[in-house]
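Per-entry structural report
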There are 2 protein chains.
Amino acid sequence: MFEGSEKIIDVSLQAGARGLRERPLVFWQTLVASCGAEILSVEHHDTCIAFILSESSLFVWDHRVRMLTCGETSLSPCLIKLIETLGQSQVAVASYQRKNEYRYQASLASFDQELSLLRQVIDGKGYRVGHIDSHHHYLFLAYGDNHHGAAPATYELLMHHLDADVTERLRQSSITKLQVRTLLNFQTLLPEFTLDDHLFTPFGYSVNGVYQQEYFTVHITPQVNHSYVSFETNIMSPQKLKQLTAAMLSLFKPESWDVIAVNQQPVEHHVAEASHSTCSIVSEQHDTVQFNHYQRNDIRLCCETL
Amino acid sequence: MFEGSEKIIDVSLQAGARGLRERPLVFWQTLVASCGAEILSVEHHDTCIAFILSESSLFVWDHRVRMLTCGETSLSPCLIKLIETLGQSQVAVASYQRKNEYRYQASLASFDQELSLLRQVIDGKGYRVGHIDSHHHYLFLAYGDNHHGAAPATYELLMHHLDADVTERLRQSSITKLQVRTLLNFQTLLPEFTLDDHLFTPFGYSVNGVYQQEYFTVHITPQVNHSYVSFETNIMSPQKLKQLTAAMLSLFKPESWDVIAVNQQPVEHHVAEASHSTCSIVSEQHDTVQFNHYQRNDIRLCCETL
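Just so it is clear, the model here is predicted, and its values are computed rather than measured. (Residues numbered from 1 in each chain as written. Chains lettered and ligands numbered in written order. Predicted model: local features only at pLDDT ≥ 70, side-chain atom pairs only at ≥ 80, totals over all residues.)

Details of the overall build of chain A
Rules: Working definition: helices are DSSP H or I runs of at least four residues, strands are E runs of at least two. Numbering for both runs from the N terminus. Taken over C-alpha atoms, the radius of gyration is set against a globule rule of 2.2 Å times the number of residues to the power 0.38. Exposure criterion: with C-beta atoms placed from backbone coordinates, a residue whose C-beta has 20 or more other C-beta atoms within 10 Å is buried, one with 12 or fewer is exposed, and one in between is partly exposed. Working definition of a contact: two residues with C-beta atoms, positioned from the backbone, lying within 7 Å.
Within chain A one finds seven helices and 18 strands. For 306 residues, the compact-globule formula gives about 19 Å, and the C-alpha radius of gyration of chain A, at 19 Å, lands near that figure. In terms of its C-alpha atoms, chain A occupies a principal-axis envelope of roughly 50 × 40 × 40 Å. By the burial criterion, 45% of the 306 residues in chain A qualify as buried. Sequence-distant contacts in chain A: of pairs separated by 6 or more residues, those separated by 24 or more amount to 64%.

Right under this line is the structure:
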């Protein structure tokens, strides 16, 4: 089984650090290869470079880099390598996020092990959010010396166990990128964004979108029984986020979903027949991370004969 | 962290097999020791022998044995040993049940590995119930040759993340067995049952109750952040089960709970502000296993700094 949910690293540099966009392509190729992925496509925008990877996405701004990878990739060694290469003194804020995995636990380092390695290059705090015996997330958050700025604002909507009709359509070998774009209704929802997308074989879809300072990325893994879609962006407008969230939930009809919002206003969305659980972290530098988990009611549990 | 949720094995013998209660105490001591537990207390009743174990309970009837163990114990080797000792030809129905664990996954065999070992002694089916990326259970169900009877009826109520006031009270070193019995209200709910109970150090409580053909057992692990109570019985009356379930939920106020009912009428309980998911298995011998998961709404997620 392919594990769609992403690990994420995010590094912001101190003001005055060398711009990351000056780095040659081979720098990013090497970084991406070090976690077992490869670059499939690159788009240069006015404010950032957006890469589609074999396993998710990479965004590079002058003073920030954010990489998402799914599947069996391991991302914390990549963060360690990045901090070592850029120099710990250049780092303003660094974070690493990982969901509890199920299938690959044997091959992956535990979060505790990752924490102790990460702390050899930068001092930071680790958090577990959510009950250990259920769906939960891990977060590592570190600040550079003498840094008093904020972590970049992000909004993640992670949707699990999607509507069977939509995923069946997305698994059709005849589907085109244009059809997926139309399904996702980007033309209406995010008309200004320049898109770069990729259809995987036998199925799966990734798209990066950039408009001025804003980006978004969507990754769809429409597997039977384990379907998953992630949407993330740095759009800040509560109205816009509400509209995008409602559109995604309406299209994919997930059985459960998470919202992870960093330095965003709380995004309330009430869905009839869904239960809601929540938790917030406020870091020593006053960054806020808000976790919300939604679970739809009257779900037919998955039952597999082994 | 101690993992409270139990693994369970259950073996029913063919009519005419040698009665299990004839076996000497050392037979059960050896069996229990083989999975890393020990016998703390024994009660001989008219119909069965009920043991309190260092990690849960063991019930022995003439033609049936059921053992529950929690923590780091491994119970499938025990089932294999039991079938080998009793003789596969003597077995009518055998089952093994296990919840997904979180902490001990590295040290425990995977369910797939257990399945292939179990199938070397008895042919049976394995099931996974619940989504792989969330709370789920594993079940192995096997029938002896030429057996056309039914698996024993059982009702399990597994409660996770309990009310803080009750668990705090149950962690008090001064608490007595009588106080716990009173808290659980056995006098009113199950007045006919003969009880045998045990308080663990530093905390934790187990009780076995037997009345004629009926038994129940309750195991409480009142840990901070990981509290858990299991209740199980072979009581068949829907009214009685409804009353007992309501009393347990009202006392422990769990954030989430599972009901696993084997060959029972569906037990409906609607709790305001809880979402419900469900699944049923019907075996080749027409045994039914009904799984229900309930999740209370507006839960504050657990957040731990690591």
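Regarding the relation of the copies chain B and chain A
Applicable threshold: We superpose the copies by least squares over the C-alpha atoms of residues that have a pLDDT of at least 70 in both of them.
For the pair chain B and chain A, the best superposition has an RMSD of 0.0 Å and corresponds to a rotation of 180° with a translation of 0.0 Å parallel to the axis. Look at the turn and shift together and you get a two-fold axis relating the two. Most of the interface of chain B is mirrored in chain A, where 100% of its interface residues are also at the interface.

Some points on the nonpolar core
Our working definition: In this description, a nonpolar core means buried residues of the types Ala, Val, Leu, Ile, Met, Phe, Trp, Tyr and Cys, linked to one another by C-beta atoms lying within 7 Å.
Residues Val60(A), Leu79(A) and Met159(A) are the most contacted members of the largest nonpolar core, which totals 79 residues. Judged by nonpolar contacts, the second largest core, of 78 residues, contains Phe193(B), Tyr215(B), Leu244(B) and Met248(B).

Quick look at the interface of chain B and chain A
Rules: A strand pair is defined by DSSP finding two or more bridges across the two strands.
Taken together, the contacts link 37 residues of chain B with 38 residues of chain A. Going through the elements one at a time, α3 (111-118), β7 (124-129), β15 (274-282), β16 (288-296), β17 (299-300) and β18 (303-305) of chain B are the ones with two or more residues in the side of chain B that touches chain A. For the side of chain B that touches chain A, the leading source of residues is β15(B), giving six residues. Pairing of strand β15 (residues 274-282) of chain A with β17(B), which is carried by two bridges, proceeds in the parallel orientation. If you follow Thr278(A) over to β17(B), its bridge partner there is Arg300(B).

A short note on the sheet that holds strand β9 (residues 154-160) of chain A
Here nine strands make up an open sheet; going across it, the order is β10(A)-β11(A)-β12(A)-β13(A)-β9(A)-β14(A)-β16(A)-β15(A)-β17(B) and the pairing mixed. This sheet does not close on itself; its edge strands, each paired only once, are β10 (194-199) of chain A together with β17 of chain B. As defined by bridge partners, strand β14 (residues 256-262) of chain A adjoins strand β16 (residues 288-296) of chain A across seven bridges and the pair is classed as antiparallel. Within β16(A), the residue paired with Trp257(A) across the bridge is Tyr294(A).

So, the pairing of strand β4 (residues 56-61) of chain B
All names here are of chain B. With six of six residues buried, β4 is to be regarded as a mostly interior element. For strand β3 (residues 48-53) and β4, the ladder comprises six bridges, and the chain directions are antiparallel. Bridging from a neighbouring strand, Cys-48 pairs with Trp-61 of β4. Pairing geometry for β4 and strand β5 (residues 64-69), over five bridges, is antiparallel.

Some thoughts on the environment of Trp257(B)
All names here are of chain B. Tracing the backbone shows Trp-257 in strand β14 (residues 256-262). Along the sequence, Trp-257 and Val-60 sit 197 residues apart, while their C-alpha atoms lie 27 Å from each other. Ignoring anything within four residues of it in the chain, the contact list for Trp-257 reads Leu-157, Leu-158, Met-159, His-160, Leu-249 and Tyr-294.

Points about the environment of Leu20(B)
Residues and elements named next belong to chain B. Mapped onto the fold, Leu-20 is located in the loop between β1 (7-13) and α1 (25-34). Taking the C-alpha atoms as reference points, Leu-20 and Leu-158, separated by 138 residues in sequence, lie 28 Å from one another. Among all residues touching Leu-20, those that are not within four sequence positions of it are Val-60, Trp-61, Asp-62, His-63 and Val-65.

A few points about the sheet that holds β14(B)
Going by this rule: Axis definition: a line fit to C-alpha positions, over the contact stretch in the case of helices; interaxial angles, taken between N-to-C directions, run 0 to 180 degrees.
On the basis of which strands lie adjacent, the open sheet formed by nine strands has the order β17(A)-β15(B)-β16(B)-β14(B)-β9(B)-β13(B)-β12(B)-β11(B)-β10(B) and mixed pairing. The outermost strands of the open sheet, each flanked by one partner alone, are β17 (299-300) of chain A together with β10 (194-199) of chain B. When strand β9 (residues 154-160) of chain B meets β14(B), the two strands line up antiparallel, connected through seven bridges. From the neighbouring strand, Thr154(B) faces β14(B), where its bridge partner is Val262(B). Across the sheet, helix α5 (residues 177-184) of chain B is in contact with β10, β11 (205-211) and β12 (214-221) of chain B; its angle to β10(B) comes to roughly 120°.

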